[in-house]
Amino acid sequence: MNSQNPIWHFPLWPEQASAYAYQVDQLTYALIALAAAFGIGVVALLATFAIHYRTGNKGANRDGAPSGLIWLEVAWITIPLALALGTFGWAAYLYVGAQTPPRDALTVFVVGRQWMWKFYHPAGAREIDELHVPLGKPVRLVMTSQDVIHSLFLPAMRVKQDVVPGRFTSLWFAPTRTGTFPIYCAEYCGTEHSRMRGRVVVEEPFRYEAWLRASSTDGTLAAQGARHFRRLGCSGCHMAGGGNGPCPPLEGVYGGPVPLVSGEVVMADERYLMDSILRPNAQIVAGYGPMMPSFAGQIGEDELVALVAYLKSLASAEEGE
Ligand code: CUA
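Now for a look at the structure at hand. Every value quoted in this text rests on a predicted model; they were computed, and no experiment measured them. (Residues numbered from 1 in each chain as written. Predicted model: local features only at pLDDT ≥ 70, side-chain atom pairs only at ≥ 80, totals over all residues. Heavy atoms only, no water.)

**Examining the pattern of salt bridges**
All told, the structure shown has eight salt bridges when counted by the stated rule. Between R279 and D275 there is a salt bridge whose closest N-O contact spans 2.4 Å. Note on D275: relative accessible area 18%, which makes it buried. Ionic contacts of the salt-bridge type, sharing partners, join the residues K118, R126 and D302 into one network. (Salt bridge = Lys/Arg side-chain N within 4 Å of Asp/Glu carboxyl O. Buried < 20%, exposed > 50% of the residue type's maximum accessible area, 1.4 Å probe, protein only.)

In structure tokens:
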């Protein structure tokens, strides 16, 4: 056998480029092993009995067939039950981890459109169909669409999430090796869906920093958002008079609880900030009236992500990099 032959290097799985990818593969191997063990066992017994007890086999002893074996019945109920609940628990543990980004994750905004991916770094750099990230730092993607539903798929990280117009969805991953890994759109979105591809470039932190500095020429994303905030007239109402003005103050809102007129309390995440800009009267802050106009259709997704980054920057220095 010649190990140079490409058949021996045929990839059954995409490469693993995150810790989560390794964990997902372990679970997949375990499920395949379980299915194979039960599948092979059942088929082997089936074939053995079918041949041995076939019509006309005089050698088969058909006397004294057992009518009930309690220990066997208990075993075939409890063992598969334990295995099924065990794999459920394992998968649920991984799923919860995949839905819970670490606090220190770098947030990159993503806008999908027919047919490209746009990435917005907090430092201000923008990219199309290419996403630079530093090695070893968790990266959280906060994503929306400009037109139809897309789905961002990073096979090497084993993560995929629908990207939906009018709302933010998110995913996160922590790259564990440098290199270039494919990005796909995994939701049919029109003629050139199959060409809606890109790549993640995982680099050593110093290289990433150098790239980021060279690419962030227009100020940080939050600074761009601050300019939109003034140009669109938001500052006239939200900043004047602080807490005593007609509109709720925005400092310190992001990341905390917001009490609503309805009595509900919501967490101010990116999704809440976006909703407040596009559908301001859906969730009115307690103590205020429904007086803000909707900016849906007035601003593009570019402005929207910059505005959200600006509102986040009012809350903390977290995204200051
Ligand atoms: Cu975008 Cu398919």
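**Regarding the pairing of strand β10 (residues 198–203)**
The element β10 is largely enclosed, with a buried count of five among its six residues. Looking at chain direction, strand β4 (residues 130–134) and β10 are connected through five bridges and run parallel. Bridge pairing links P134 to E203 in β10. Inspection of the sheet shows strand β9 (residues 179–185) paired to β10 by five bridges, in the antiparallel sense. (Helix = DSSP H or I, 4+ residues; strand = E, 2+ residues; numbered from the N terminus. Pairing = 2+ DSSP bridges.)

**Quick look at the environment of A105**
Here A105 shows up in the loop between α2 (70–98) and β1 (106–113). For the pair A105 and L45, spaced 60 residues apart in sequence, the C-alpha to C-alpha distance is 52 Å.

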